[in-house]
Amino acid sequence: MAFDPVKLAADTEAFCQEVRPAEEFAYANRQFNDQVVPLAAKYNLLGMNVHPEYGGRGADAVSYFKALARIGREGTTVRTFFSGHLSIGAYPIQTWGGEALKRKYLPAAVKGEKILAFGLTEPEAGSNPREMTTTYEKKGDHYLLNGVKYLISNGGIAHAVVAFAYPAGQVGTGRISAFVVDTNAKGFEAESFAANAKMGMPTSNTAMFEMHDVAVPAENLLGEEGDGFRVAMGTLVSGRLSVAAGCLGVIEDCLAEAIWYAKERKQHGKEIARHQLVQDHIAHMEMDRVASDALLVRAAEAKDRSGASPGDKDLARQADLLAAQAKFFATNAAWDAADRAVQVFGGRGWSTLYRPGRHLTDVRVCRIYEGTDEILKLKIAAALLGKEWEAFK
């Protein structure tokens, strides 16, 4: 059956309508929102970007990221789940996994029977993943993994995690490999962060996990040994576009909330929407929205073109650069829009009882994960100056 973008948009809207009250309740109580997964399964959203042969919808990048933008209006927490499960969870398995591996994880992921996550970051390895210390050792028909991963979205609820490691004895000098690790394996221990341990996103799951001689079947290797860095960087293109899409949704919701409130709130004898400086905020937020939307669509189209011609390095570079540009711009625009919406709400904006304050707190992390502002600016500048001018080789 051919992919139907209209049906995906309708199902996404229905999901968002139903998940909002659950998210509002969970946020007020600063607890994990356990309704996201069952509602996503109800509306068939757990396999949006997964090929139909594995039970998914087979959405193109433009349609998929538009869906994530709509989900982003419900909060960065809700959208982050989908990014972890699909954009950086299912995507690398579908792109670099063998057929047996795809059959093992993707149909179950689409049904919600297996939740996925992406384990690259470590306590001392963030912007430079080459500084990771996790290792693997080949033992017959399996690998043994040892190490710690940190600040992993979905890490405490995932059934399988895409994890990266160096060959034992070659930390910092060898070539990284990528594996799909079952979280119920002996020696795998995960610990979720308490809601109050994070500045925002209390309704999402963030965890760290340790691996102590965790046995991983040889078929769970993604690509070939030594392909891990390529897998990670390729997956981050998808991840960065997911963050950009979610931030577009944040801008849209902040703008809608600010317009509604400005028309209702009266000060100095008239609705504050009639005050020029409030209109200045509204205009800036609209420019945040329209510019982020245009850049996201352009980047998603580049992602589709690159996906259709996987051997074309020029198309891959274009998609990579546009994803970085979209992520950098949209995350900063969302932070700006949320800040302006809080200002329009005044004292009420400084409260999580209203949506702008929650967006402001939650969206701040988007300028850090999946590539910090600083790393993305260096990447964008190097694309203009030339590879030989890269700040980090």
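## Regarding the packing of helix α6 (residues 228-264) against helix α8 (residues 313-345)
Part 1 of the reasoning: Contact geometry for α6 and α8: axes closest at 8 Å, N-to-C directions at 25°. Classed by the angle they form, the pair α6 and α8 counts as roughly parallel. Of the two elements, α6 crosses α8, and the hand of that crossing is left-handed.
Part 2 of the reasoning: Among the residues forming the contact of α6 with α8, the class breakdown is 23 nonpolar, one polar and four charged.

## Section: unusual backbone geometry
Part 1 of the reasoning: At Asn154, a residue that is not glycine, the phi angle is positive and equals roughly 70°.
Part 2 of the reasoning: Along the chain, Asn154 falls in the loop between β3 (142-153) and β4 (160-167).
Part 3 of the reasoning: At Glu370, a position not held by glycine, the phi torsion is positive, near 65°.
Part 4 of the reasoning: Its location among the elements puts Glu370 in the loop between α9 (355-363) and α10 (373-385).
Part 5 of the reasoning: For Glu370, a relative accessible area of 16% corresponds to the buried category.

## Some remarks on the pairing of strand β2 (residues 135-139)
Part 1 of the reasoning: Where β2 meets β3, five bridges bridge the pair, whose relative direction is antiparallel. Note on β3: the bridge partner recorded for Glu137 is Leu144.
Part 2 of the reasoning: Here β2 hands over to β3 after two residues, with Gly140 in that stretch at a positive phi of 65°.
Part 3 of the reasoning: Here β2 runs beside β4; their pairing, made up of two bridges, is parallel. Residue Tyr136 lies in a different strand from β4, and its bridge partner there is Pro167.

## Let's talk about the side chain of Glu122
Part 1 of the reasoning: Within the element layout of this structure, Glu122 appears in the loop between β1 (116-119) and β2.
Part 2 of the reasoning: Accessibility expressed as a relative area gives 4% for Glu122, which makes it buried.
Part 3 of the reasoning: A polar side-chain atom of Glu122 sits 2.8 Å from the main-chain amide nitrogen of Thr133.
Part 4 of the reasoning: Sequence-distant contacts of Glu122, defined by excluding residues within four places in its chain, comprise Met132, Thr133, Thr134, Val148, Lys149 and Tyr150.

## A look at the pattern of salt bridges
Part 1 of the reasoning: For the coordinates displayed, the defined rule picks out 23 salt bridges.
Part 2 of the reasoning: Between Arg340 and Asp336 there is a salt bridge, and its shortest N-O distance comes to 3.0 Å. Here the residue Arg340 and the residue Asp336 both occupy positions in helix α8, the gap between them amounting to four residues, near one helical turn.
Part 3 of the reasoning: What emerges from the salt-bridge pattern is a single network uniting Glu13, Arg20, Glu24, Arg70, Glu74, Asp253, Arg355 and Arg358.

About the criteria used
Residues numbered from 1 in each chain as written. Predicted model: local features only at pLDDT ≥ 70, side-chain atom pairs only at ≥ 80, totals over all residues. Heavy atoms only, no water. Axes fitted to C-alpha atoms, helices over the stretch in contact; angles between N-to-C directions. Helix = DSSP H or I, 4+ residues; strand = E, 2+ residues; numbered from the N terminus. Parallel < 35°, antiparallel > 145°, perpendicular 65-115°, else oblique. Left-handed = near helix turned anticlockwise from the far one by under 90°. Nonpolar A, V, L, I, M, F, W, Y, C, P; charged D, E, K, R; others polar. Buried < 20%, exposed > 50% of the residue type's maximum accessible area, 1.4 Å probe, protein only. Pairing = 2+ DSSP bridges. Polar contact = N/O pair within 3.5 Å; in protein donor to acceptor, adjacent residues only side chain to side chain. Contact = heavy atoms within 4.5 Å. Salt bridge = Lys/Arg side-chain N within 4 Å of Asp/Glu carboxyl O.

As far as function goes, none of this settles anything; it's purely spatial.
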